[in-house]
Amino acid sequence: MAENTVQETQVQAKPKEPLFGKKERKLLSDPLNDNNPITVQVLGVCSALAVTSLVYPSVVMSIAVVFVCAFSSLFTSLLRNSIPKQVRMIVQLVIIATLVTIVELVLKGFNYPIYKQLSVYIGLIITNCIVMGRLEAFAMANKPWRSFLDGVGNGLGYGAILIIVAFFREVFGKGTLFAGSPLEWNIIGPNNEIVSYTINTAAEGSWLGWYSNNGLMVMPAAAMFLIGIFIWIQRSYNKKLIDIS
Amino acid sequence: MHSTNYIVGFVAIMTTVVAIVLTALFLGLKERSDQNAAIFNKRAILSAVKDQLGDQDPKYMGDQEVLDVFSNQIQQISLDMSGAEVSTADIEALGYKGGQAEHIDMKKEKKKPEGERVLPLYVFDTGSDKIYIISVRGNGLWDEIWGNIALGSDLNTIVGAAFDHQGETPGLGAEIKDNPSFPNMFKGKKIYDENGKYHSVIGVKGGTTKEDFHKVDVISGATVTSDGVTEMMVRGVKYYEPYFNKIQSK
Amino acid sequence: MELFNIFLKAAFIENLVLSYFLGMCSYLAVSKSVKTAFGLGLAVIFVLGITMPINWVINEFLLGEGGIFGTDLTFLRFILFIAVIASMVQLVEMIVEKYSPALYNSLGIFLPLITVNCAILGGSLFMVSREYNFGESVAFGLGGGFGWFLAVIAIAAIREKIRYSNVPPALRGLGMAFILTGLMGIAFMALMGIDPSALTAGK
């Protein structure tokens, strides 16, 4: 699964060849597999678990993280020579918190239902260690454009895992896809046309009538299992990532 | 190493820039977000009378339509616990700007002692009939749950219901909102039995029928949320009893 | 009694790590040995216990409409909260460096990570959305910190033992930590829905 996404971004990146040398492309593609923020760097796991019960909030969350990650890297990198060392962390956090507040205000103004749904988890992007981690490790020492790409790449790597986990959790746990969005698609969920005096919980009246939603998948714990399994699969293919300790 | 003056200057400039940017954005979007919040609330109230709105589903209605239906067909009344109507000025004095029933923050009311609460009531005029929409609020598994219940003009039969929640588990507790068959079960249920005794509607495990006027099925796997719904239906609907007695005796 | 209930609830029933899965980054990063986990756990209790009341005061008296500025400044909440947390962490860092250099060395880069520990900011945000009062927010902070402490010690102890087991190579370390946390989360779910006030009332 991770391999596919790598190819996709590379294809997208190609037309802009002049700005995207080999190194720049690596900045975008590395976080998707070899250096994935969640499965390899173990950063930003918190929100990965909390919002992934549905795909739609996960997509919104990923977009928000890409935005915050990219622009905080850009600004930090622009200011990297003038930030006083003693207050470095606070300055970085203020930059991140400002961007997150912008995300919050914009969501509140343009998509109120999803703002309600994500509630405190928007604020938690501030403490998403990916953002902070990349600022410390990359943006403080690199030029703006490359820091920006690094931010986008890490945001995408995070988003990829988020959406994959959410996909499995929503389809098997709830039987829908993109629930809550205009694209809502009821795959194996109950058929709401049937009028009954009991709750349609299983896939009553749909083509997968024999399937009953998996209650484990909707629990936050399922996200832990899924990420654990991804790590297992990824490391089986990518031997250099195996933990020797 | 930078000097202390430099640090103070840097932080001061940064704080100013950040404050200006955020304040500008906040003020620029304030009207929009306030309106969004109001529409969100109105849409939730209208969801309780989905059937009476004709073929329009409040979920897919445009913002303007929601505002129109709300201002043309709904009369807002604020009540205190003794069933007396509370004036706009008194509601504003409680800190709810606007002073209408829709401005009452149920979350804040729930924290007050029972006797001091104020209650919102929406009277929906279908043209031929009056439907009373009441608001109830309780606790689910993770956080609060709430609902709007529409009662027919007999003030006994439930004609519609809509529930929402703060953070119930999707696929389990969140089904009170996501699965349309859950609120649908409440339709046709009754608050009082034929002797006039108060029952409200409670959730029970397994196999209720259309004729069980005071029982609905619970969601399997979401016991705490379902118990919360039962509790809020029994306690919350009762709050409106004094007012209903008053208008019925007229 | 009410406050004790909130403490119990935050520590066990609504454990920040095992039921909200907050603060996972530092949780996974330091849980390789019980000793470091113990140190970081204590630091988290301290920081949560201190930032929560401070943030409560800020939220109540600076940001709200009833505050000293008289206008709604809630959009500055994130910035102020995180600034308070960052300065408190800096304080803890200095204290630890002074009194326990050994602990400081073993915690290494993870101490600044407390700042970006979601559990701490998350705690403050939950406090706002649940509208706790001052006493309740102190109890919630200490309870949440204690719950985080328990969870990190538990996973560290399990990870120390599991090192001698024959785990598939690709699952070793991180992968196993994720799955173990998931299992612990499920175990903790057994406590969900328990109402501590009903317990203390003897029901």
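**Q** Can you walk me through the packing of helix α8 (residues 134-162) of chain C against helix α9 (residues 174-189) of chain C in this structure?
**A** Pairs of packed helices are described in terms of their axes, by the angle between the two and the distance that separates them. All names here are of chain C. Orientation of α8 relative to α9, taken along the N-to-C sense of each, is 130 degrees, at an axis distance of 11 Å. Relative to α9, the element α8 is oriented oblique. Every pair of crossing elements has a handedness; the one defined by α8 and α9 is right-handed. Seen from α8, the contacting residues are Ala151, Ala154, Ile155, Ile158, Arg159 and Ile162; seen from α9, they are Leu174, Met176, Ala177, Leu180, Thr181 and Met184. Residues that form the contact of α8 with α9 fall into these classes: 10 nonpolar, 1 polar and 1 charged.

**Q** Looking at this structure, how should I read the interface of chain B and chain A?
**A** Much of the literature gives interface size as the accessible area that the parts lose upon coming together. If you look at the interface, chain B gives 37 residues, while chain A gives 33 residues. Of the roughly 3,200 Å² buried where chain B meets chain A, counting both sides, 73% is carbon and sulfur surface. When the buried surface of chain B facing chain A is broken down by residue, B:Phe10, B:Phe40 and B:Pro170 rank first, second and third, together holding 15% of it. Where chain B meets chain A, there are 0 salt bridges. At the boundary of chain B with chain A, the tally comes to 4 residue pairs in polar contact (both at pLDDT 80 or more).

**Q** What am I meant to see in the interface of chain A and chain C here?
**A** At the junction of the two partners, chain A supplies 39 residues and chain C supplies 38 residues. Carbon and sulfur atoms supply 83% of the area that chain A and chain C bury against each other, a total of about 3,600 Å² over both sides. Taken together, chain A and chain C are joined by 0 residue pairs in polar contact (both at pLDDT 80 or more). Its residues assigned to classes, the side of chain A that touches chain C comprises 28 nonpolar, 8 polar and 3 charged.

**Q** Got a minute to help me understand the confidence of the model for chain C in this structure?
**A** Detail in the predicted coordinates should be disregarded across regions flagged by low pLDDT. All names here are of chain C. Residues of chain C with pLDDT of at least 70 account for 92%, and the chain-wide mean is 82. Mean pLDDT across the secondary structure elements of chain C bottoms out at helix α10 (residues 196-200), with 65, and peaks at α8, with 91. Overall fold confidence (pTM) sits at 0.83, and the ipTM for the predicted complex is 0.80.

**Q** I keep staring at helix α8 (residues 129-137) of chain A and nothing clicks. Help me out?
**A** Residue pairs spaced three or four apart in an α-helix point in one direction, given the helix's 3.6 residues per turn. Turning to α8(A), its buried residues number three or more, namely A:Cys129, A:Ile130, A:Val131, A:Met132, A:Arg134 and A:Leu135. Contact partners of the buried residues in α8(A): α4 (55-79), α5 (88-110) and α9 (144-173) of chain A together with α2 (24-30) of chain C.

Reading guide: rules and limits
Residues numbered from 1 in each chain as written. Chains lettered and ligands numbered in written order. Predicted model: local features only at pLDDT ≥ 70, side-chain atom pairs only at ≥ 80, totals over all residues. Heavy atoms only, no water. Axes fitted to C-alpha atoms, helices over the stretch in contact; angles between N-to-C directions. Helix = DSSP H or I, 4+ residues; strand = E, 2+ residues; numbered from the N terminus. Parallel < 35°, antiparallel > 145°, perpendicular 65-115°, else oblique. Left-handed = near helix turned anticlockwise from the far one by under 90°. Contact = heavy atoms within 4.5 Å. Nonpolar A, V, L, I, M, F, W, Y, C, P; charged D, E, K, R; others polar. Buried area = accessible area lost by both parts, 1.4 Å probe. Salt bridge = Lys/Arg side-chain N within 4 Å of Asp/Glu carboxyl O. Polar contact = N/O pair within 3.5 Å; in protein donor to acceptor, adjacent residues only side chain to side chain. pLDDT = per-residue confidence, 0-100. Buried < 20%, exposed > 50% of the residue type's maximum accessible area, 1.4 Å probe, protein only.

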